[in-house]
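Breakdown of the fold
As a plain string of letters, each chain reads:
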Amino acid sequence: MFPKNIKFFCDNYVLESDDLLEFAQQEFDTIMCLSTTKWIHLNFGDDGLKRAFKRMHAQLRPGGTLILEPQGLSSYARKVRRLTPKIQKNYREMKFKPDQFSDYLVNEVGFSEGKIVAVPEHASAGFRRPIHVSIKYFHHKATLKFFFLCFSYLRNRPWWKQKNPPPSWKASNG
Ligand SMILES: C[S@@+](CC[C@H](N)C(=O)[O-])C[C@H]1O[C@@H](n2cnc3c(N)ncnc32)[C@H](O)[C@@H]1O
């Protein structure tokens, strides 16, 4: 029961490789990732952030919610000059920009279209960042596509119009 059901871990959320994603358990109803994407991005590059997004999806139960507050690209540049050479390299080589995160989450990871639910009020403009909410679909997109194709096929070619109707049809019609 709350608050005894809360645990805190200090850990790196970015797995060592994509291969480890298959061991992720569907264990959360909600994942909040607030003001964190920039740090993952700068430290682990495009691949690291993409892997973190995939891990969020893998750890959510079907129907679960991702609450994401990504930092904008302009805030990266302000920090990067004072950080390590590795981070500067990641920044220079960055191709995956914050305005592409939504598309990636929908088209590559499998989340629903993100909805902006709020832009918090804050004295500093840098902290007025939109909060996106996405849902993990109950079914994998490919599964949905398969059922949709079957449904379209059956709708266009109903069994009573087919050349070889099923045996039960033949039997009941002499
Ligand atoms: C700007 S703070 C935001 C803290 C809090 N989420 C909030 O909104 O107030 C960024 C947080 O990202 C965490 N962070 C950065 N890289 C991380 C990583 N690879 N794995 C886990 N946490 C990370 C840092 O420890 C830090 O707490």
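A brief report on the enclosed structure follows. What you see is a predicted model, and the numbers here were worked out from it, not measured in a lab.

Right, let's talk about the overall build of the protein chain for a bit. Across its full length, the protein chain carries six helices and four strands. Along the protein chain, helices and strands appear, N-terminal first, in the series β-α-β-α-α-α-β-β-α-α. The proportion of buried residues among the 174 residues of the protein chain is 15%. For the protein chain, the share of sequence-separated contacts (at least 6 apart) that also reach a separation of at least 24 residues comes to 72%.

In summary, the side chains of a regular strand alternate between the two faces of the sheet. Relative to strand 2 (residues 60-69), strand 1 (residues 28-34) runs parallel, the two being bridged by six bridges. The partner of Met32 across the bridge, within strand 2, is Ile67. In this region the chain leaves strand 1, passes through helix 1 (residues 37-59) and returns to the parallel neighbour strand 2; the handedness of that crossover is right-handed. In this structure, strand 2 lies alongside strand 4 (residues 131-135), joined through four bridges in antiparallel fashion. Bridge assignment links Leu68 to a residue of strand 4, and that residue is His132.

Take the nonpolar core next. Within the largest apolar cluster, ten residues are counted, these being Phe44, Leu49, Phe53, Met56, Leu60, Leu66, Leu68, Phe101, Leu105 and Phe111. Those elements giving two or more residues to this core turn out to be helix 1, strand 2 and helix 4 (101-109). When residues in this core are grouped by element, the largest group, four residues, is from helix 1. Sequence-distant contacts of Leu68, that is, excluding residues within four places in its chain, are made with Cys33 and His132.

Bringing the sheet that holds strand 2 into the picture now. If you walk across this open sheet you meet the four strands as 1-2-4-3, and the pairing is mixed. The two strands at the open ends of the sheet, each matched to only one other strand, are strand 1 and strand 3 (115-118). Sheet twist, expressed as the mean angle between neighbouring strand axes with direction ignored, is 25°. Against the sheet, helix 1 makes contact with strand 1 and strand 2, and its axis sits at roughly 165° relative to strand 1, the strand it touches most.

A few words now on the packing of helix 1 against helix 3 (residues 85-92). Where helix 1 meets helix 3, the closest approach of the two axes is 8 Å, and the angle between their N-to-C directions is 50°. Taken together, the axes of helix 1 and helix 3 lie oblique to each other. Taken as a pair, helix 1 and helix 3 cross one another with a handedness that is left-handed. Together, Leu42, Asn43 and Gly45 of helix 1 and Ile87, Asn90 and Tyr91 of helix 3 make up the contact between the two elements. Tallied by class, the residues present in the contact of helix 1 with helix 3 amount to three nonpolar, three polar and no charged.

Let us look at the site of the ligand. Every residue lining the ligand is accounted for by Asn12, Tyr13, Val14, Leu34, Ser35, Thr36, Trp39 and Ile40. Looking at the shell around the ligand, its residues break down into five nonpolar, three polar and no charged.

The N-to-C vectors of helix 1 and helix 4 enclose an angle of 60°; their axes lie 11 Å apart at closest approach. Comparing their axes, helix 4 and helix 1 come out oblique. The crossing of helix 1 and helix 4 is right-handed. Across the interface between the two elements, Lys50, Phe53, Lys54 and His57 from helix 1 touch Tyr104, Leu105 and Val109 from helix 4.

Criteria and thresholds
Residues numbered from 1 in each chain as written. Predicted model: local features only at pLDDT ≥ 70, side-chain atom pairs only at ≥ 80, totals over all residues. Helix = DSSP H or I, 4+ residues; strand = E, 2+ residues; numbered from the N terminus. Buried ≥ 20, exposed ≤ 12 C-beta atoms within 10 Å, placed from the backbone. Contact = placed C-beta atoms within 7 Å. Pairing = 2+ DSSP bridges. Right-handed = clockwise from strand over helix to strand, strands pointing away. Core = buried A, V, L, I, M, F, W, Y, C linked by C-beta atoms within 7 Å. Axes fitted to C-alpha atoms, helices over the stretch in contact; angles between N-to-C directions. Parallel < 35°, antiparallel > 145°, perpendicular 65-115°, else oblique. Left-handed = near helix turned anticlockwise from the far one by under 90°. Nonpolar A, V, L, I, M, F, W, Y, C, P; charged D, E, K, R; others polar. Near = placed C-beta within 6 Å.

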